[in-house]
Structure formats: C-alpha cells, structure tokens
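An overview of the molecular structure
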Amino acid sequence: MARHWADFQYEIYLNGMTGAVPRLPTDLSRLEELTERRLGPGPVGYVAGSAGDGSTARANRAALERRRIVPRMLRDVHERDLSVEVLGRSLPAPVALAPVGVLSIMHPGAEPAAARAAAAQGVPFVLSSASSTPMEEVAAAMGDAERWFQLYWSKDREVARSFLGRARAAGFSVLVVTLDTPLLAWRPRDLDRAYLPFLHGVGTANYFTDPAFRAGLARPVQEDPNAAVMHFVNLFSDPGNTWPDLAFLREHWDGPIVLKGVLHPDDARLAADAGMDGVVVSNHGGRQVAGSVAAADALPRVAAAVGDRLTVLFDSGVRSGDDVFKALALGARAVLLGRPYVYGLGLDGQPGVEHVIRCLLAELDLTLALSGHAGPATVGPADLEETTG
C-alpha cells in the first residue's frame, strides 16, 4: 500500500501528548528567518542571497502566489499514492533534493547528512559538483539509494570526463547539467562581505580529489593550496559552450541527461533535438539573472513545447506542499527542493533535512487530497486560477 505522507501530522500530535513539539517550524517558509538568526551572515548570505536586488527571487515567489488552487469536492481520496515515474525511475513522491554546493558552510555533516536524509525518506539526492565532500563519500553514505549528479561543465574537458566517470562508478544514475552558470552572477550579499567559499578551498572537494584536475597542478594540492584554488577558479565553468557541445556529454554518459536552467521554449526544443532526456525549468533560485522571468511563469510554456518529448522538472521558489502542487499543475513532472532543506541542515543536521522533506510531502499529500486528487497524475492547469494584481 502506498505511503500516506500526511500521517506525519498525527505523529507530531501524538508526540505532543508527552510534551514534545517539533524542533523546527512546520511552516517551511519560516526556516530562512530562523537560519538568519542562528547562523553566520557569510554562510546564510551565500545560501539565501540572490542576484542583484533579489527581484528574481521575489518574482519566483510572486508567480507561485499569484496562482491559486481550486479545490474539488466529493472525490474519493481515501487511498492516495504520490509515487511517480521520472526518467525511468519510480519515486515515492514528485520531489528530489536540488543540487546545492558548499553545504559544509551550513553544518559539519554537510552533503552526507543531507544525502542520508534523502535516502531515509526515499527521495533522490542531487549532488552538486561544488560539494564540500567528494562524490564517492556521499555515495557511500547513501547505500543503494537514488542519487543524481549535477555537473558544472568545466573548461577542462578531461576534468569533465573524469567527473562523469567517477559519478557513474559511484552509482549516480542521472546527470543534471547546469547551464545557467557559465559565470558567477553579481550577488551583493556575497560581494558586500567579500565572501566566496571556493577561494578558501571549500566546495572544491570533487576537484581536489580528481586525478585529471590534479594532473594540471605544478605541485600537490596540500603543498600549494592557493595555486589549486586558482586552477579551480580558472576552469570551473566554460562560457564558450554551445548546443553542439552537448554531444560530448552524451558520448561520456550513458544514463539520462537533464539540462538545468531552461526558461525559453526554444531552448527546451533544442534540448530535445540534442537527444537530452529532460529539462529543469529554473532560474537558479534567482541567483543568476536579476530581473529574470519567474520560473513558474516560464514553466507552462516549456511544458507545452516539450512535455511530450522530455521530462520537465521544476525548481526556484518552492517553499511548501502547495507550491509543489502548483508546479505539477503547471506542467512539471517533479520538483527539486533547494533552500528549505539547506536551512533544515543548517539548523539541525540530518534530522533537520528529514523534517523538511516530511513536512513538505505531508503538506503535498494533504493539499492533493483536500483539492480532490488521490495522486499527482490527475493534477492539471484546470486546478489553478490565476489572479491579477
């Protein structure tokens, strides 16, 4: 029988009989403020900050807020099943943890803690190239749980090829290629504090442990860490990549490939023409282009263009179960959750991440049921109404 994620609320209420209340808020939108109060301004700013004045991050929220759910009554929602097929994989719910780099700045448990939390709840964990823990260690922490690898496409093709080989060997099954970060954006919260973790050798673990990367160094990393950092900075991403270069990825990765950062229907069509398997409609949570189109506004157009050819995923601005519902209604097959789980990690390590996953999926389960749906498959555009003003 399918898991009823909503039962988490009764677990909370029953624990309350002994005087226990949740360690973290169950309204996940409150986590950012709590993290701001408890953690250092540098790490918090790096995670919470956005490009420019934050207009894109605000637009992401506004685009989801503007769409309102229209619940339907007297439909049988007694037995619910949130499971979905995504990229040939059966997932227990239409959610995965998005790739977020440098997690050690939030909590010493870093990526392994978040990965174990995802594995414990059965949701995929997408590991960032810029993780603070080598991919092999994260894989070991997950056992045989579903894990995907996010690639920042290095200028050095040998490093990129090495990353892909290592990820496959470590059991990462899906490749998520971030396209929207050929350069780091203008991010005032980081700039005002002159805070970039990579320059301190944090978030470089996959590179510093990579044979192809190390082959490009005059001296070992530990002997000249500054030179290693500068080598990393110089090859981190390649602003010269174009659509024909995708053939390189297809040549060196035999599983599904998903392109992250697609906002225009024509780019989604080009992805399909290039033989990709999916796209993530995303503006990097508002971190790359200030004044960008909101991800939720781009989603219906991308889904209409390629939904029959590609798996359409979504991130940017998701803070609640109803946000996930809205993304599904707008054409997403599943959603990648970013900042909220990172705040959960920063506040309470692995249990904090599990709390965030369980809250989100309990709320999604209830939102589906109370809107007349026994699972994600029946959700569509007719379930939303767009408000103006």
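To keep things clear, this report deals only with the structure shown in the data block. (Residues numbered from 1 in each chain as written. Predicted model: local features only at pLDDT ≥ 70, side-chain atom pairs only at ≥ 80, totals over all residues. Heavy atoms only, no water.)

What follows deals with the pattern of salt bridges. Summed over all chains, the structure comprises 26 salt bridges. Taking the shortest distance from any N to any O, the salt bridge between Asp 323 and Arg 61 comes out at 2.8 Å. Here Asp 323 is found in helix H15 (residues 321-329), whereas its partner Arg 61 is found in helix H4 (residues 55-66), with 262 residues between them in sequence. Under the relative-accessibility criterion, Asp 323 is labelled buried at 2%. By relative accessible area, which is 24% here, Arg 61 ends up partly exposed. Notably, a salt bridge pairs Glu 386 with Arg 67, separated by 3.7 Å at the nearest N-O pair. Residue Glu 386 is located in strand S12 (residues 384-386), and its partner Arg 67 is located in strand S1 (residues 67-69); the two are separated by 319 residues in the primary sequence. What makes Glu 386 partly exposed here is its relative accessible area of 48%. Salt bridges sharing partners connect three or more residues here, namely Arg 61, Glu 65, Arg 68 and Asp 323. (Salt bridge = Lys/Arg side-chain N within 4 Å of Asp/Glu carboxyl O. Helix = DSSP H or I, 4+ residues; strand = E, 2+ residues; numbered from the N terminus. Buried < 20%, exposed > 50% of the residue type's maximum accessible area, 1.4 Å probe, protein only.)

Another aspect to go through is a nonpolar patch on the surface. A surface patch of nonpolar side chains, about 560 Å² in accessible area, is lined by Tyr 10, Tyr 13, Leu 14 and Met 17. Residue placement: Tyr 10 occurs in helix H1 (residues 8-16). (Patch = residues over 30% accessible without salt bridge, like charges linked within 9 Å, V, L, I, M, F, W, Y side chains within 5 Å. Areas by Shrake-Rupley, 256 points an atom, 1.4 Å probe, with all protein chains shown as cover.)

Another point: helix H2 (residues 31-38). Along H2, the positions that sit buried rather than exposed are Leu 31, Leu 34 and Thr 35. Along H2, the residues classed as buried sweep out an arc of 100° about the axis, all on the same side. Set apart from the buried face of H2 by more than 90 degrees, the exposed residues are Glu 33 and Arg 37. Where H2 is buried, its residues meet helix H3 (41-48) and helix H16 (339-370). (Arc of directions from axis to C-beta. Contact = heavy atoms within 4.5 Å.)

Below, the discussion takes up the side chain of Thr 56. Within the secondary structure layout, Thr 56 lies in helix H4. Relative accessible area serves as the criterion here: at 1%, Thr 56 is assigned to the buried category. Separated by 3.0 Å, the side chain of Thr 56 and the backbone nitrogen of Ser 292 make a polar contact. Those residues in contact with Thr 56 that lie beyond four places of it in its chain are Asn 283, Gly 286, Val 289, Ala 290, Gly 291, Ser 292 and Val 293. (Polar contact = N/O pair within 3.5 Å; in protein donor to acceptor, adjacent residues only side chain to side chain.)

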